[in-house]
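Chain by chain, the residues:
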Amino acid sequence: ILYVPIRHGADATGLLSIQSYKTKAYNQENLKTLQALADLCGAALHRIRARGELEAVQARLDHLLAECPSVIYSLKNDGLHFVPAWFSRYLQPLLGFTPEEACQPGWWGTHVHPQDQGAPSDWLTALLQHKHLPREYRRRAAPGLRFPW
């Protein structure tokens with residue numbers, strides 16, 4: 001009988017064994033092969049656990065964002081401009097647009113109040129310099145394309 005630890009890094013999470021009814025059925029090479037297999041199992045088990053933890057965190061975050069009465073969004077730099085990459089679901093009840101609609105090219109600039117035009121790009125430059133920058137500006141809502149504020 002051969003036994004080897006199922007391990008990932010320094011952590012052992014179980015044992016892998018193999019048994020034969022023949023005497024002296026295994027040699028050092030078999031032991032190395034079994035350990036390599038057990039190490040692969042350890043890495044796979046680690047990934048499975050990490051995936052489960054990630055899914056649990058994602059579920060909590062999804063719940064938080066679904067219940068938060070604010071529009072939370074992220075922007076990405078497309079090389080020339082900052083463009084919407086993601087919006088929380090509260091965008092639709094508040095302004096009448098789906099997150100998918102709001103991420104379309106050109107949507108961002110065409111839905112800022114005319115008196116606030118230009119300000120978001122200036123704010124983004126300041127944001128990059130200071131790492132935070134609270135600001136308010138008016139956005140156009142979908143029903144009749146009105147400005148609710």
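The structure contained in this document is the topic of the report that follows. Remember, predicted model here, so these are calculated numbers, not experimental data. (Residues numbered from 1 in each chain as written. Predicted model: local features only at pLDDT ≥ 70, side-chain atom pairs only at ≥ 80, totals over all residues. Heavy atoms only, no water.)

Observations regarding the overall build of the chain
- Helix and strand counts for the chain stand at five helices and four strands.
- Starting at the N terminus and walking to the C terminus, you meet the elements of the chain as β-β-α-β-β-α-α-α-α.
- Computed over C-alpha atoms, the radius of gyration of the chain comes to 27 Å, more than 25% over the 15 Å expected from 2.2 N^0.38 for 149 residues, which places it beyond the range of a compact globule.
- Along the first, second and third principal axes, the C-alpha set of the chain runs to 85 × 30 × 25 Å.
- Taking all 149 residues of the chain together, the buried fraction comes to 21%.
- Contacts in the chain between residues at least 24 apart in sequence constitute 39% of all its contacts with a sequence separation of at least 6.
- Taken as a whole, the chain presents about 10,900 Å² of accessible surface, with 57% of it coming from carbon and sulfur. (Helix = DSSP H or I, 4+ residues; strand = E, 2+ residues; numbered from the N terminus. Rg over C-alpha atoms; globule rule 2.2 N^0.38 Å. Buried < 20%, exposed > 50% of the residue type's maximum accessible area, 1.4 Å probe, protein only. Contact = heavy atoms within 4.5 Å. Areas by Shrake-Rupley, 256 points an atom, 1.4 Å probe, with all protein chains shown as cover.)

A closer look at the pairing of strand β2 (residues 11-18)
- With seven bridges connecting them, strand β1 (residues 2-8) and β2 associate as antiparallel partners. Directly across from Arg7, in β2, lies its bridge partner Ala12.
- Hairpin geometry of β1 and β2 is characterised by an intervening segment of two residues between the two adjacent antiparallel strands and by a positive phi of about 65 degrees at Gly9. (Pairing = 2+ DSSP bridges.)

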